[in-house]
Amino acid sequence: SAFPHVRFLTSAHQERQFPPDSGAEVAVAGRSNSGKSSAINAIVQRKGLAKTSKTPGATRLINFFELEPGRRLVDLPGYGFAAVPGAMREHWGTLIEGYFRHRETLRGAIVVMDVRHPLTEHDRTMLDLASSRSAPVHIVLTKADKLGRGAGLQAMAGVRKAVGPGVTVQLFSALSGDGVAEARGAMLRLLA
Ligand code: GDP
């Protein structure tokens with residue numbers, strides 16, 4: 001395994017429940033059903049570590065995982081805009097914004113997008129929050145197995161053009177394993 005000692009640390013639905021703000025963290029964001037959990041589990045090579053957004057309550061919680069001492073992966077909840085009632089969305093927004101605004105140990109963000117539907121409003125919110133912190137961003141375009149090679153490359157080029165230089169973008173598939181090593185490398189660079 002890439003991280004033999006990876007472990008779940010804690011779930012937080014309020015900022016005061018975050019673990020101590022020391023060491024280095026990479027945040028992983030992605031809207032509901034983007035393939036974020038599958039991507040996290042593939043990158044850390046631990047099946048079932050990150051829970052799918054279909055898990056009840058998962059949309060309200062930030063999950064902290066320790067990759068190794070002092071280095072954490074932070075699974076930010078995502079949602080499908082239509083599916084979430086107003087009050088919950090407000091709570092979500094407050095929690096996520098608080099994380100980006102206050103977390104000293106944040107080193108960068110990985111934003112997971114379905115390659116067939118990239119740069120949703122949700123994704124743009126994540127990119128804006130990261131750039132408000134000047135946190136480097138790496139975009140993982142997942143479910144690439146659902147597109148042909150040419151269409152995948154075209155989608156990646158479109159996203160690259162839209163986000164501009166300074167943000168890295170890659171194709172990924174949790175199903176085929178394509179891009180998993182590249183994503184792990186990007187995560188380790190953000191944490192370095
Ligand atoms: P999350 O809600 O963003 O955490 O997404 P999940 O990881 O739970 O994935 C949502 C759905 O997409 C599930 O049915 C997964 O099996 C599927 N999925 C995730 N990654 C891939 C992938 O790389 N390829 C394909 N074909 N399906 C995927």
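Everything here concerns the structure above.
It should be emphasised that the depicted structure is a prediction, and the values quoted were computed from it without experimental measurement. Going along each chain's sequence as written, the residues are numbered from 1 onward. A pLDDT threshold of at least 70 governs which residues receive local features in this predicted model, and a stricter bar of 80 or more applies before side-chain atom pairs are shown or counted, although totals over entire chains, interfaces and linings include all residues. Side-chain calculation: all heavy atoms of the structure are included, whereas hydrogens and water are not.

1. Notes on the overall build of the protein
In this text, helices come from DSSP runs of H or I with a minimum length of four residues, and strands from runs of E with a minimum of two, each type numbered from the N-terminal end. Within the protein, the secondary structure is distributed over 5 helices and 7 strands. Relative to a compact globule of 192 residues, whose C-alpha radius of gyration would be 16 Å, the protein shows 15 Å and is just as compact. Viewed in the frame of its principal axes, the protein has a C-alpha envelope of about 45 × 40 × 30 Å. Throughout, a contact is declared for two residues whenever any of their heavy atoms are within 4.5 Å. The long-range fraction of contacts in the protein, counting pairs at least 24 apart against all pairs at least 6 apart in sequence, stands at 74%. Put simply, the protein shows about 9,200 Å² of open surface, and 53% of that area lies on carbon and sulfur atoms. Asp and Glu count as negative and Lys and Arg as positive, but His and the ends of the chain are not part of the count. Lysine's charge is taken at NZ, arginine's at CZ, aspartate's at CG and glutamate's at CD. Placing the 25 positive and 16 negative side-chain charges of the protein at their respective mean positions leaves the two points 4 Å apart. In this treatment the radius of gyration is a C-alpha quantity, and the globule benchmark scales as 2.2 Å times the residue count to the 0.38 power. Using a 1.4 Å probe, the Shrake-Rupley method yields the accessible areas, and only the shown protein chains count as cover for residues.

2. Considerations on the pattern of salt bridges
Salt bridge, as used here, is a side-chain nitrogen of Lys or Arg placed within 4 Å of a carboxyl oxygen of Asp or Glu. All told, the structure shown has 9 salt bridges when counted by the stated rule. Note that R116 and D114 form a salt bridge whose closest N and O atoms lie 2.8 Å from each other. With a 1.4 Å probe rolled over the protein chains alone, any residue whose accessible area is under 20% of its type maximum counts as buried; one over 50% counts as exposed, and the rest are partly exposed. The partly exposed category is assigned to R116, whose relative accessible area is 35%. For the salt bridge of K143 with D114, the shortest nitrogen-to-oxygen distance reads 3.8 Å. Taken as a pair, K143 in the loop between β6 (137–142) and α4 (149–163) and D114 in strand β5 (residues 106–114) lie far apart in primary sequence, 29 residues in all. Taken as a pair, K143 and D114 share a single burial class, namely buried.

3. A few points about the site of the ligand
The near set for a molecule or strand comprises every residue that places at least one heavy atom within 4 Å of it. Around the ligand lies a shell of 17 residues, among which N33, S37, S38, S53 and D145 are the nearest. Between the ligand and the protein, one listed contact pairs an oxygen atom with a side-chain N or O atom of S37 at 2.4 Å. Polar contacts, as counted here, are pairs of nitrogen or oxygen atoms within 3.5 Å of one another; within protein the pair requires one atom able to donate a hydrogen and one able to accept it, and residues that are adjacent in sequence qualify only if both atoms are side-chain atoms. Here L175 contributes a backbone N or O atom positioned 3.5 Å from an oxygen atom of the ligand. Relative to its free-state accessible area of 570 Å², the ligand is covered by the protein chains to the extent of 77%. Taking a 2 Å distance to the grid points as the criterion, the majority of the atoms of the ligand fall inside the largest pocket. With 3 residues, the top contributor of residues to the shell around the ligand is helix α1 (residues 36–44). Throughout, the ten residues Ala, Val, Leu, Ile, Met, Phe, Trp, Tyr, Cys and Pro are labelled nonpolar, Asp, Glu, Lys and Arg are labelled charged, and all others, Gly among them, are labelled polar. Split by residue class, the shell around the ligand holds 2 nonpolar, 10 polar and 5 charged. Using a grid of 1 Å spacing that covers the protein atoms alone, one calls a set of points a cavity when a 1.4 Å probe fits there but cannot get out, and a pocket when the set is open and has protein on both sides within 12 Å along at least five of seven lines; lining residues are those with an atom within 4 Å of a point. By definition, a pocket or cavity contains a molecule when more than half of the molecule's atoms lie within 2 Å of the pocket's grid points.

4. Description of the packing of aromatic side chains
Stacked, tilted and edge-to-face are the three classes assigned to paired rings of Phe, Tyr and Trp, where Trp is represented by its six-membered ring and a pair needs centres within 6.5 Å; plane angles under 30 degrees give stacked, over 60 edge-to-face, the rest tilted. Tallied over the full model, the rule gives 5 aromatic pairs. Seen from their ring centres, F8 and F65 are 5.8 Å apart, and the 65° between their planes marks the pair as edge-to-face. Here the residue F8 occupies a position in strand β1 (residues 7–12), and F65 occupies one in strand β3 (residues 62–68), the gap between them amounting to 57 residues. Residue F8 is classed as partly exposed on the basis of its relative accessible area, which comes to 43%.

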